[in-house]
Amino acid sequence: MNKPTILIIDDEPQIRRLLEINFVSNGYLVRQAASGKEGLLLAANLIPDIIVLDLGLPDIKGHEVLKVLREWYTKPILILSVQSNENDIIDALDQGANDYLTKPFRVGELMARIRSASRNKTTDETTQILEAGNIEIDLVGRVVKFKGEVLKLTATEYSLLVMLVKNEGKVLTHQFLLKEIWGMSFQAETQYLRVFIAQLRKKIEENPNHPQLIITESGIGYRFQQST
Amino acid sequence: MPTKKKSTATQLIISIVLVVALSALGYVFRKYVDYMAVALILLLAVSTLAILFDIFSVLIAAILSALILNFFFIEPYLNYKINDTESALLFFIYIFIALVNAVLTNRLRKQESKIRDREEKENTIKIYNTLLNSLSHELKTPIATIIGTIDTLKESDTILLPDQRMELLSEIGIASNRLNTQVENLLNMSRLEAGNFQLKTDWTDINELIFIVIRKLPENNTHTVVFDPDEKLPLFKVDRGLVETVLYNLINNAVRYTPVKSTVTIFTGYTDGHLNIKVSDNGKGIPPSEADLIFNKFYRLPNSGTGGSGLGLSIAKGFIEAHHGNISVDNNKSGGAVFTISIPCEISYLKNLKNE
């Protein structure tokens, strides 16, 4: 099997080096770009399996690079950003980034995100059954089983869970979820989301106060992940 | 020394009333006192006013005095006439004394404010120096640890036992986290100092937030943090990021500054339009004399040991005040400190509605 390729686009040599060491030792091929221009060029030539993109680039804004990439590149893009730039992160996720990490990050966290991104399976119209850990969703019959038992969910809870599981590993922003589940006019009504996430957690989390499946990304959104 | 300056209108009224009252008194007793005595008394009054008040009121008082003297006390009475050199002189002396006094007083005041400015500047420098000392200590200590430990790892690579290597590596980890916390504090502080940051309020599940904060605390086996969530707690519209930082600082402080085996308990509650959170511990408590001081920038309780910048509580206070809320500290009856925050905000009871 060919080794999957990761393209790193970051202007900080130290960060690139840190990423490279970890990616290589985990069996990935690594290519590096120190600027947005170089990154776009390499991406087009290599068509890597994953792109790690820093938002703070010296030449082109990271968001701009992301936008151009997303015109043709459909594989996972992981965003790196400095802390406390929630809006930057939300914009990037809404522009099609799959995930984000804030500097400083832990290497364990980084590798978990990379693994999750590389198993990013795409679902399409023909998918009938979604499986994630203890959860099995029959999309045709609209039946959810949790540990083999049928789970009683309201219509909204069901839609929310399907949306989360379909996008396993991906961070879904509040606005995205509200728009998809409740409709355009509900984009600011985050209280609905909070309430339904709390209810869903009570039904599928071992301990709703320490969720392992539906993870809160503070100020940004939610991510569904399988407990490891 | 003039304490608080009165408004021009007040100054004017006081000046006129004083001059008129003294003149009236002089007029009543005009049979017993010479007009020169009245002139001197009024002069004294004008001079006194010149020390206390601005030049405008003093000039009015001086002119008024001269006119009254001329009109009521100098022949021909009830008539303005500056017919002899004596009364002309009197008139000009009044104006002159008033002006001289006013100029001198003004100079004095300017000097005073210069001294005050200098004191303020010295104070700022003192605070700045405290900041530099505290900062260089708080930043350089972890940096020194990191550099030193890495040198040790490089140079003594062959003689170190695996356990020792691990220990040194975890020292680097601890130091880096400490550095990160301090930088975070400084960034928050500069956000506050910039003054014009916008609150980003959103509906917040406080129970969830508190659990997130508890999970973020540095690992410890020495203290117990207790939080029993109120399932009926509604949602509150607050700046989630800021409230998270406040709670982290309060709970982390409680863990750090109470003796081993202490318990930190978090309570939530709400009243009409207010979110209330208490962080209570069973440590030694806060001396009442320090209760207000501990929220000051760079203030640290005496004997609180090293490793702390004195920024955490002042950031907490700043973030709560940005919400127009209130933060205070009290002592438990049974001992230990209780920090209470109260934030006015919108409340959503949607959470308690039946599922759709």
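Refer to the structure above for everything that follows.
Right, let's walk through the structure included here.

Rules behind the numbers
- Residues numbered from 1 in each chain as written.
- Chains lettered and ligands numbered in written order.
- Predicted model: local features only at pLDDT ≥ 70, side-chain atom pairs only at ≥ 80, totals over all residues.
- Helix = DSSP H or I, 4+ residues; strand = E, 2+ residues; numbered from the N terminus.
- Rg over C-alpha atoms; globule rule 2.2 N^0.38 Å.
- Buried ≥ 20, exposed ≤ 12 C-beta atoms within 10 Å, placed from the backbone.
- Contact = placed C-beta atoms within 7 Å.
- Nonpolar A, V, L, I, M, F, W, Y, C, P; charged D, E, K, R; others polar.
- Pairing = 2+ DSSP bridges.
- Axes fitted to C-alpha atoms, helices over the stretch in contact; angles between N-to-C directions.

Some points on the overall build of chain B
1) Next: Helix and strand counts for chain B come out as eight helices and eight strands.
2) Next: By the compact-globule yardstick of 21 Å for 356 residues, chain B is too spread out, its C-alpha radius of gyration being 34 Å.
3) Next: Based on the C-alpha atoms only, the size of chain B along its principal axes is roughly 110 × 65 × 40 Å.
4) Next: Classification of the 356 residues of chain B by burial places 26% in the buried group.
5) Next: Counting contacts in chain B only where the partners sit at least 6 residues apart, residues at least 24 apart contribute 70% of the total.

Some words on the interface of chain A and chain B
1) Next: Each side of the interface is counted separately: chain A has 14 residues, and chain B has 17 residues.
2) Next: It is helix α8 (residues 190-204) of chain A that provides the largest number of residues to the side of chain A that touches chain B, a total of six residues.
3) Next: In terms of residue class, the side of chain A that touches chain B is made up of three nonpolar, ten polar and one charged.

A closer look at the sheet that holds strand β10 (residues 171-173) of chain A
Residues and elements named next belong to chain A.
1) Next: Sheet architecture is open: three strands sit in the order β10-β12-β11, paired in antiparallel fashion. Looking along the sheet, the strands with just one partner apiece sit at the ends: β10 and β11 (214-217). Strand-to-strand twist of the sheet, defined as the mean angle between neighbouring strand axes without regard to direction, takes the value 30 degrees.
2) Next: Here β10 pairs with strand β12 (residues 221-224) via three bridges, running antiparallel. What sits directly across from L172, in β12, is Y222.
3) Next: Against the sheet, helix α6 (residues 155-166) contacts β10, β11 and β12, and its axis sits at roughly 70 degrees relative to β12.

Some details on the pairing of strand β6 (residues 129-132) of chain A
All names here are of chain A.
1) Next: Sheet topology note: the β6/strand β7 (residues 135-138) ladder contains four bridges and is antiparallel. Residue pairing for β7: A132 is matched across the bridge by I135.
2) Next: Where β6 folds back onto β7 in an antiparallel hairpin, the turn is made up of two residues, including G133, whose phi is positive at roughly 60 degrees.

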